[in-house]
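Commentary on secondary and tertiary structure
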Amino acid sequence: MEVSVGAMSTRTRATSVAAVLAAGDSVPPQPRLPYGAGVSSAAVAQLLAQHPVVLAPMEDVTDAPFRRACRRVGAHLCVTELIAAEHIVAGAARARRRLDLAADDRPTAVQIYGANPALLRDAAIVAARDRPVFLDLNCGCWVPKIAQRGAGAGWLRDPAAMVAMARAIVDAVDLPVTVKTRIGYGPESHMPIVDLARRLEDAGVAAIFLHCRTAAMGHAGRADWSWARRAREAVTIPVVVNGDVRTADDVVRALAETGCAGVMVGRGAIAHPWIFREARALWSGGAVPPPPKEMRAGARARENTTDSASGRKSCRLQTSTRRRSPSRRGTKCTR
Ligand SMILES: Cc1cc2nc3c(=O)[nH]c(=O)nc-3n(C[C@H](O)[C@H](O)[C@H](O)COP(=O)(O)O)c2cc1C
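Now for a look at the structure at hand. (Residues numbered from 1 in each chain as written. Predicted model: local features only at pLDDT ≥ 70, side-chain atom pairs only at ≥ 80, totals over all residues.)

So, on to the packing of helix H11 (residues 248–258) against helix H13 (residues 275–283). At a closest axis distance of 8 Å, the pairing of H11 and H13 adopts a crossing angle of 60 degrees. In terms of axis orientation, H11 runs oblique to H13. In the crossing of H11 with H13, the sense of the turn from one axis to the other is right-handed. Contact residues: Ala-248, Asp-249, Val-251 and Val-252 in H11; Ile-275, Glu-278, Ala-279, Leu-282 and Trp-283 in H13. In terms of residue class, the contact of H11 with H13 is built from 7 nonpolar, no polar and 2 charged. (Axes fitted to C-alpha atoms, helices over the stretch in contact; angles between N-to-C directions. Helix = DSSP H or I, 4+ residues; strand = E, 2+ residues; numbered from the N terminus. Parallel < 35°, antiparallel > 145°, perpendicular 65-115°, else oblique. Left-handed = near helix turned anticlockwise from the far one by under 90°. Contact = placed C-beta atoms within 7 Å. Nonpolar A, V, L, I, M, F, W, Y, C, P; charged D, E, K, R; others polar.)

What follows is the structure, given as structure tokens:
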């Protein structure tokens, strides 16, 4: 089935997203689509048309228990924490755990990162064996340890290399491949994202998740959603807007202002995981439901301790039941 959300006008797109949100949880599960050239973007578009609010990848936060908790309060499509290509290829236990998706933890996309295109390609082939809903390439992590060695947002310094790397991965796996990136490395006055979005589409990328800040901004300043609108207007694949979507109101506003196929929520889901069901209720014109009882006390505690710039303290609270070791603090793509 061809579902070309990216090709719709803003108005048609907003209407279709509204209809989907209004349908609530009664949307029947869709038949599994065959992936491969030409249909991968349609498959992702179809998924987003049903569930446009996506849980962002967040290292040390969006592990399987957290994804399950979010799904209990309305989330559907989730993305794993970033996984290093080197670790996947080496079969490291931690990477293996992150790749391993249980039956009740789907649809979940796996996010991989690295600086070496050949290693990334090999890692993508290994990751695809676990049949995530799609593979996401991290081209947005700004943390110096990652970006300065050419991984994450480091790819934004060489858009041609990023496109070639994405194309090689698209050709190597039989799953949709998406890219999560930023509007540019910065601080240029003209961001590369619009032209880059076109080139990524040409390379066969199925969707773009766009954190609307430059890498140089880290998490400072405001995310400029207008870049998501401009990128969305330039391509037919889905563009998902990300950055500073903290409330259900923000979800509705971001969809309306950008006409994007979806919204990705990161830190907002840490303090407020039921944002997913609130957004659906709000868009459908219903009353916003109260927070789930069992989450109210925890939410208050998290809200009181959340560092709004990084979400760090709340992450610690949220993941306090997980076993931690010094190595787990490794890359810290907290952004
Ligand atoms: C604690 C933390 C960990 C993060 N880890 C990742 C990651 O593993 N991969 C990634 O692409 N982005 C990562 N990010 C960035 C988020 O996915 C998202 O792009 C960013 O937080 C902006 O969205 P928000 O304003 O909704 O939080 C992380 C952010 C935070 C706060």
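Buried within helix H3 (residues 64–72) are the following residues: Phe-66, Arg-67 and Cys-70. Along the axis of H3, the buried positions cluster into a sector of 100 degrees, meaning they face one direction only. Downstream of H3 by a residue or two, Gly-74 has a phi angle that is positive, lying close to 110 degrees. (Buried ≥ 20, exposed ≤ 12 C-beta atoms within 10 Å, placed from the backbone. Arc of directions from axis to C-beta.)

Turning next to the environment of Asp-158. The residue Asp-158 is located in the loop between helix H7 (144–147) and helix H8 (159–172) in this model. When the C-alpha atoms of Asp-158 and Tyr-185 are compared, they prove to be 9.7 Å apart, with 27 residues separating the residues in sequence.

Let us now look at the pairing of strand E3 (residues 108–113). Burial analysis of E3 places 6 of its 6 residues in the buried class, the great majority of the element. Side-chain alternation along E3 places Thr-108, Val-110 and Ile-112 on one buried face and Ala-109, Gln-111 and Tyr-113 on a second face that is also buried. Pairing of strand E2 (residues 78–84) with E3 involves 5 bridges; the strand directions are parallel. Paired with Ile-83 across the bridge in E3 is Ile-112. (Pairing = 2+ DSSP bridges.)

To continue, consider the packing of H8 against helix H9 (residues 193–202). Any two packed helices are characterised by the angle at which their axes cross and by the distance between the axes. Between H8 and H9, the shortest axis-to-axis distance is 9 Å and the interhelical angle comes to 25 degrees. Between H8 and H9, the angle falls in the class roughly parallel. Two packed elements cross with a definite hand, and for H8 against H9 that hand is right-handed. Contact residues: H8 offers Pro-159, Val-163 and Ala-166, while H9 offers Leu-196, Arg-199 and Leu-200. For the contact of H8 with H9, the per-class residue count stands at 5 nonpolar, no polar and 1 charged.

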